[in-house]
Amino acid sequence: MKKSLLLFILIWAMIAQTNAQEKGDARIHALGFYGLKYNEFGIAGGAEYFFADRFAVMPSYTKLFPEVGNASNFSFDLRYYVTEGASQLYFMAGYSQSFQNTQPDQAGTKKDYVGANAGVGAYIVLTDWVGLSTEFKFQSQVPQESGFRIGLAFPL
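Residues numbered from 1 in each chain as written. Predicted model: local features only at pLDDT ≥ 70, side-chain atom pairs only at ≥ 80, totals over all residues. Heavy atoms only, no water.

(A) Main features of the pattern of salt bridges. Enumeration according to the criterion identifies seven salt bridges in this entry. A salt bridge links glutamate 48 to arginine 27; its shortest N-O distance comes to 3.3 Å. Taken together, the residues glutamate 48 in strand S2 (residues 41-52) and arginine 27 in strand S1 (residues 26-35) connect sequence positions 21 residues apart. Note on accessibility: glutamate 48 and arginine 27 belong to one class, buried. Between glutamate 135 and arginine 79 there is a salt bridge, and its shortest N-O distance comes to 2.9 Å. With a gap of 56 residues between them, glutamate 135 in strand S7 (residues 131-139) and arginine 79 in strand S4 (residues 70-81) connect regions that are remote in the sequence. For the residue pair glutamate 135 and arginine 79, the accessibility class agrees, reading buried in each case. Connected via shared salt-bridge partners are Arg27, Glu48, Asp77, Arg79, Glu135, Lys137 and Arg149. (Salt bridge = Lys/Arg side-chain N within 4 Å of Asp/Glu carboxyl O. Helix = DSSP H or I, 4+ residues; strand = E, 2+ residues; numbered from the N terminus. Buried < 20%, exposed > 50% of the residue type's maximum accessible area, 1.4 Å probe, protein only.)

Printed below as a string of structure tokens:
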């Protein structure tokens, strides 16, 4: 029993070490978005860079598909990873700017709103070259959208 427990701990430690978030690591994200307030769908992309162990920055851009007009969002988030290994949980906070045009092709209808966002997410290792990226985020600026992002992340 003691040997199998020790073996389990050693294997878990090796897996955690190989998937750790270390300074200099980077990932490219391709995500889908679903907003809870307005039931809008979107697509997003971003790049994550670990500037210190367990700390990453991720600028991302989301293109939304509202029923009327155009909308998009730019976010620059700071992430702190609380776990390592195959399932990596993080908390995030950052800057967010939304762009909205409710009447395309008419002058003076473009608006942009600046605010903050906060959320929680997870990166789940699928293979050495791809992982599942999930996130729940709340944005403080108009339209104050809460939403889910899910997609794939590719370590560099």
